[in-house]
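Coordinate inspection notes
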Amino acid sequence: MIYVLATLTTKPGSMEALRAPALACIEGTRKEKGCLSYELFTSVTEPEKLVFIEHWESPEHLAEHMKQPHLIAWREASVPHLVSRKVEVIHPDKVETR
């Protein structure tokens, strides 16, 4: 099993524009084979910071997730609103930063 922590810093005022694309991505991802959990949180202390916490059965399931239309649509919709993005993939034996 692996975990993914995706931390996004958004431009001020972008949260409302990101709501619908994020919800569509979450809904689609939760239906994917191998997705054990997929949650999105907003920082209490930094209102422009979003954190996706994902739990996958295997790296192969995560690789399939990266090809899904709902994830591609989310990424395209979010790009104009992002200041930065950091993705950490946590394997049992290592942490991979993307």
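Heads up: the structure comes first, above all this text.
Summarised in this report is the structure supplied together with it. (Residues numbered from 1 in each chain as written. Predicted model: local features only at pLDDT ≥ 70, side-chain atom pairs only at ≥ 80, totals over all residues. Heavy atoms only, no water.)

A word on helix H1 (residues 15-30)
For H1, which comprises 16 residues, the first-to-last C-alpha distance of 21 Å matches the rise-based estimate of 22 Å (1.5 Å per residue) to within 8%. A maximum bend of about 25 degrees is found in H1 at proline 21. (Helix = DSSP H or I, 4+ residues; strand = E, 2+ residues; numbered from the N terminus. Expected span 1.5 Å × (residues − 1). Bend = angle between axes of the 7 residues up to and from the residue.)

Focus: the pairing of strand S1 (residues 2-10)
Side chains Ile2, Val4, Ala6, Leu8 and Thr10 of S1 all project onto a buried face; the interleaved residues Tyr3, Leu5, Thr7 and Thr9 project onto a face where none is buried. As defined by bridge partners, S1 adjoins strand S3 (residues 49-56) across eight bridges and the pair is classed as antiparallel. Paired with threonine 9 across the bridge in S3 is lysine 49. Direction of pairing for S1 relative to strand S4 (residues 82-90): antiparallel, over a ladder of eight bridges. Paired with leucine 8 across the strands is arginine 85, a residue of S4. (Buried < 20%, exposed > 50% of the residue type's maximum accessible area, 1.4 Å probe, protein only. Pairing = 2+ DSSP bridges.)

What to know about the sheet that holds S3
If you walk across this open sheet you meet the five strands as S2-S3-S1-S4-S5, and the pairing is antiparallel. With one partner strand each, in any of the chains shown, strand S2 (35-42) and strand S5 (95-97) form the two edges of the open sheet. Geometrically, the sheet is characterised by an average inter-axis angle of 15 degrees between neighbouring strands, direction not taken into account. (Axes fitted to C-alpha atoms, helices over the stretch in contact; angles between N-to-C directions.)

Here we look at the packing of aromatic side chains
The description of an aromatic ring pair rests on the distance of the ring centres and on the angle between the ring planes. Using the criterion set out here, one finds two aromatic pairs in the structure. Between tyrosine 38 and phenylalanine 52, the ring centres sit 5.5 Å apart and the planes meet at 45 degrees, which makes this aromatic pair tilted. You can see tyrosine 38 sitting in strand S2 and its partner phenylalanine 52 sitting in strand S3, a full 14 residues away along the chain. Looking at tyrosine 38, the relative accessible area reads 3%, which means it is buried. (Phe/Tyr/Trp six-rings, centres within 6.5 Å; stacked < 30°, edge-to-face > 60°.)

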